[in-house]
Amino acid sequence: MLLKDKVAIVTGAASPRGLGRSTAKLFAENGAKVVIIDLNEEASVLAAKELGAEHLGLAANVADEKDVERAIEQVIAKYGRVDVLVNNAGISQPLKIMDIKRANYDAVLDVSLRGTLLMSQAVIPFMRKQKSGSIVCISSVSAQRGGGIFGGPHYSAAKAGVLGLARAMARELGPDSIRVNCIAPGLIQTDITAGKLSDEQRLNILTGIPLNRLGDAIDVARAALFLASDLSSYSTGITLDVNGGMLI
Ligand code: NAD
């Protein structure tokens, strides 16, 4: 029970096969009261219900200040505190550099980067008051390699921005005992990746992964549990690679 009685928010956690959903489930199994935040209310409520009655599902666009404010008000009204935030919501677009239009850039940067900023800003005052908190930000191997398989250059930029933002927050919030860390997943089988790989692409990718398999959502969820809990009590500003050895 690594998160017993902790209140943990996971954004982008309604997608049934997603990293966020798997993280929310593992957190609930570890005693947390979990808040699922995603775009669609019905899906969020249903996902929370599946975890049990003490959990909460809310609709919010993480890139919208008012939505975020409203969601955190509801969290505080119900639980009175926030111990963990996982900034997981993200979208990717497989575009080449010259095909990125302003709307593409805005959409991808808004969810990953502005979303991470707004959600963090919304919970920090409560974590400061508590003198404790753990923020986990989901970046990507695309930020480290300069390009991935699905996300375009704007996705790499957004996810690299998340790494910088997280480190800066870690530095500033350390004295308040708030830890901020990142996970950089490699290629994980979820809806973001589903059906987008040809057999040839899959084989090519696997030759570059020493563990010789794509990742599963639970691989990332376990890393999130480590960073969210006291197991990582002396780690802040780190990036945990969950990529099967892709960067060796
Ligand atoms: P997914 O598409 O299954 O889940 C993403 C969720 O985010 C969805 O439920 C979606 O509704 C939600 N979302 C999108 N925009 C939102 C917004 N504005 N506000 C609130 N919620 C929003 O994707 P996934 O594969 O589970 O990815 C989760 C995170 O991990 C993303 O940030 C993604 O970039 C990152 N990531 C994934 C992989 C991978 O291989 N799957 C690799 C590296 C990083």
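Residues numbered from 1 in each chain as written. Predicted model: local features only at pLDDT ≥ 70, side-chain atom pairs only at ≥ 80, totals over all residues.

- As named in an unreviewed UniProt entry, the chain is Glucose 1-dehydrogenase, taken from Zophobihabitans entericus.
- Quoted verbatim from the Sequence similarities (unreviewed entry) field of the UniProt record, the comment on the chain reads "Belongs to the short-chain dehydrogenases/reductases (SDR) family." (UniProt positions renumbered as here; feature names shortened; annotations may be inferred.)

### Quick look at the packing of helix α1 (residues 19–29) against helix α8 (residues 217–228)
Next, step 1: Contact pair α1 / α8: the axes reach a minimum separation of 8 Å and the direction vectors enclose 55 degrees. Between α1 and α8, the angle falls in the class oblique. Here the hand of the crossing between α1 and α8 comes out right-handed. Residue-level contacts link L19, S22, T23, L26 and F27 of α1 to A217, I218, V220, A221, R222, A224, L225 and A228 of α8.
Next, step 2: Among the residues making up the contact of α1 with α8, the classes are represented as 10 nonpolar, 2 polar and 1 charged. (Axes fitted to C-alpha atoms, helices over the stretch in contact; angles between N-to-C directions. Helix = DSSP H or I, 4+ residues; strand = E, 2+ residues; numbered from the N terminus. Parallel < 35°, antiparallel > 145°, perpendicular 65-115°, else oblique. Left-handed = near helix turned anticlockwise from the far one by under 90°. Contact = placed C-beta atoms within 7 Å. Nonpolar A, V, L, I, M, F, W, Y, C, P; charged D, E, K, R; others polar.)

### Here's the deal with helix α4 (residues 102–130)
Next, step 1: Taking 1.5 Å per residue as the helical rise, α4 with its 29 residues ought to reach 42 Å, and the 40 Å between its terminal C-alpha atoms agrees with that figure.
Next, step 2: Bending of α4 peaks at approximately 45 degrees at the position of D110.
Next, step 3: At the C-terminal side of α4, K131 shows a positive phi close to 60 degrees. (Expected span 1.5 Å × (residues − 1). Bend = angle between axes of the 7 residues up to and from the residue.)

### What about the site of the ligand?
Next, step 1: Around the ligand, a shell composed of 29 residues is seen, among which G12, S15, G18, G90 and T190 lie nearest.
Next, step 2: Elements that contribute at least two residues to the shell around the ligand include exactly α1 and α4.
Next, step 3: A per-element tally of the shell around the ligand places α4 first, with 3 residues.
Next, step 4: Its residues assigned to classes, the shell around the ligand shows 13 nonpolar, 14 polar and 2 charged. (Near = placed C-beta within 6 Å.)

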